[in-house]
Every structure is written in structure tokens, then in C-alpha cells.
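The primary structure of each chain is shown beneath.
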Amino acid sequence: MKIINFGSLNIDIFFRVNHIVRPGETISAQSIERRAGGKGLNQSVALAKTFDKVYHAGSIGMDGSFLKEYLAGEGIDTSYIRQSAAATGNAIIQVDDKGENSIVLYKGANFDNDKDFIDEVLANFDKDDILVLQNEINNMAYIIDNAYQKGMKIVLNPSPITDELKDFDLNKIDLLLVNETEACAISECEDIEKIIAFFRKNYENLKLVITLGSRGSIFVDKDNKISQEAYKVEAVDSTGAGDTFTGFFVAEFYKNKNIKKCLELATKASALSVTKKGASISIPSLEEVEKFNGEN
Ligand code: RIB
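Overview of the structure. Values in this document were obtained by computation on a predicted structure and should not be read as measured data.

If you walk across this open sheet you meet the four strands as β3-β2-β6-β7, and the pairing is mixed. Among the strands making up the open sheet, the edge pair consists of β3 (31-37) and β7 (101-106). On average, adjacent strands in this sheet sit at an angle of 20° to one another, irrespective of strand direction. Across seven bridges, the pairing between strand β2 (residues 10-16) and β3 is antiparallel. Residue pairing across strands places Phe14 opposite Glu33, the latter belonging to β3.

A separate point is the sheet that holds strand β8 (residues 130-133). What the nine strands build is an open sheet, ordered β5-β4-β1-β8-β9-β10-β11-β12-β13; its pairing is mixed. At either end of the open sheet lies a strand with only one pairing partner, and these are β5 (77-83) and β13 (225-228). The average angle at which neighbouring strand axes cross in this sheet is 15°, direction not considered. For strand β9 (residues 153-156) and strand β10 (residues 175-179), the ladder comprises two bridges, and the chain directions are parallel. Its bridge partner being in β10, Val155 is matched across the sheet by Leu175. Docked against the sheet, helix α2 (residues 65-73) engages β4 (54-60) and β5, running at close to 170° with respect to β5. The strands touched by helix α3 (residues 115-122) within the sheet are β1 (3-6), β4, β5 and β8, with β1 carrying the most contacts at an inclination of about 170°.

Rules and cut-offs
Residues numbered from 1 in each chain as written. Predicted model: local features only at pLDDT ≥ 70, side-chain atom pairs only at ≥ 80, totals over all residues. Heavy atoms only, no water. Pairing = 2+ DSSP bridges. Helix = DSSP H or I, 4+ residues; strand = E, 2+ residues; numbered from the N terminus. Axes fitted to C-alpha atoms, helices over the stretch in contact; angles between N-to-C directions. Contact = heavy atoms within 4.5 Å.

Right, dumping it as C-alpha cells:
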């Protein structure tokens, strides 16, 4: 079994600020840092902390070769990362004193994945393999349809939510990981029990994880509903915490580990990532996660 993550690769520019800039306001940053990011890249890094055969597919510009080198350094196969004529995707990230963020994305090469390239990548994977997707690249519906026809198991973290999401057939998804806002947007419900009922009724075979911030997370399928409490930590930077959770959960889940243990490990990993600056660089090792003895 291999995991192929077809996902975004961004140059993250972090501005440390005491508050997120307001409309019409100009403020000074305390620091600026340029790092490897993108929901796709971050999730590949998190997947590879506990899973051996992780492949990343996607597109970068001339200015993005350090992203490919970074992934290779994390033990990820980068043969399916393509050089595009477009500039690499960029994210302008403000992080405030409470560790909360605000992000402006420039899609760039992330939206330069054409159908021939997608076919070429997917030709190397089959029904025993897992495809992981976020929502920061183009041709998502095409990737989902083709992978489904091959019988691959598809994992979707539909972040950030966009109008195109309605074109994705969630019946083709094996595991959907969403935060509360995303779950509300898809189900058009606000109450968590109504959200769960919506997914159970409309997508009978879907396995669903809803992350609820300080209230923890829930795994739901047609037979089970398993909850996990959050861990209390000193927040430094929440950027990439969701990606850390996704990577750890997915890698463990497809090894057929006990679901409660998968939730616990992913929750610990994302809690630890919040205690450090940055996105991909804040993702802890498996050893650090296993040693973590935090309080709920
Ligand atoms: O989830 C965090 C990521 O979102 C950042 O690394 C940034 O690139 C944006 O895609």
C-alpha cells in the first residue's frame, strides 16, 4: 500500500504581528520568515512521520525547488512534482500574539495540474493505494473521478472551502476530514448532531472526522461515533495544526489501527504543532508525539 498526496506546494511568508491587520490599517511585523508550506506539502510531511511510502504530486515554479528538496529530506518520494512555467503558490500568513492566523493565498503553479499530468501520475497507483487530497489545486473533480474508477481509496480534506466543492462527488470519498466550519458549509446545518445525521443519511459509506478546535474531534461512520478531547497547550502558532492532525490520522487509520488510538495520536500531534512556530516545521516526530503527556 502506497499513499499518494496530490496537493499544494506553497512558499509561506510568515509575518509575526501583535494583532491581525484591520482594513485600512498599516502595522509593522516583529519578524518575517519564508518557509515550506501548503496544505498538501504539510500533510505529506505529517503522513511521512508514521508511514514509509508517501509520494507527493503537484506543481511548482522555478522559484520552488526548495519545496521539493524539503519533502525529499523528509523521506517523501518527489518524482511526481512537476516544474511549471507559473510562479510557485504563495501564502502570506499573519500570526498574532495568541497564535491565531490569517492567510492570503496565491494559487500560482498549484492550478497548473493538467489532465495529462494527472493521468500520468495516477497510472502509477492502483486499488491498494490511498489518494490524499486537500482543496488547493485545480482539476480536483477529475482527480477524484479517475482515482475512484481505479478503485483507490480517496481521502479528502476540503480545505479551504470553495464553490467548486459542490462539483466533487462525496460518494466517491472513503474518508472526509473537516473542521466545524467546513462541516457546516457542506451540510448547511449548524448543530453537530444534525451535521452527523446529514452525512449518515446522504453518504452512507463515508467515514467522517470532524475537528472541533478546543472541543476535540469526532469520528463517525454508519455504526460508530467516537469522540476525542483536545489537549491544553500554550499556543504559539496554529498554522498547519489541521494538516498535522490529518497526516497523522490518515497514516494510522489505513494501517487499520484502533480508531480511538488514531484520534488520540493525531490530536496529540496537532497540539504539539501549535506550540511551535511555522507550519511544516512545527510538525512533531512520532517519538515526540508518543512521549507527549498533555492534559485534556
Ligand atoms: O494549513 C496551513 C497552510 O495553509 C499553510 O502552509 C499555507 O500555505 C496555506 O496553504
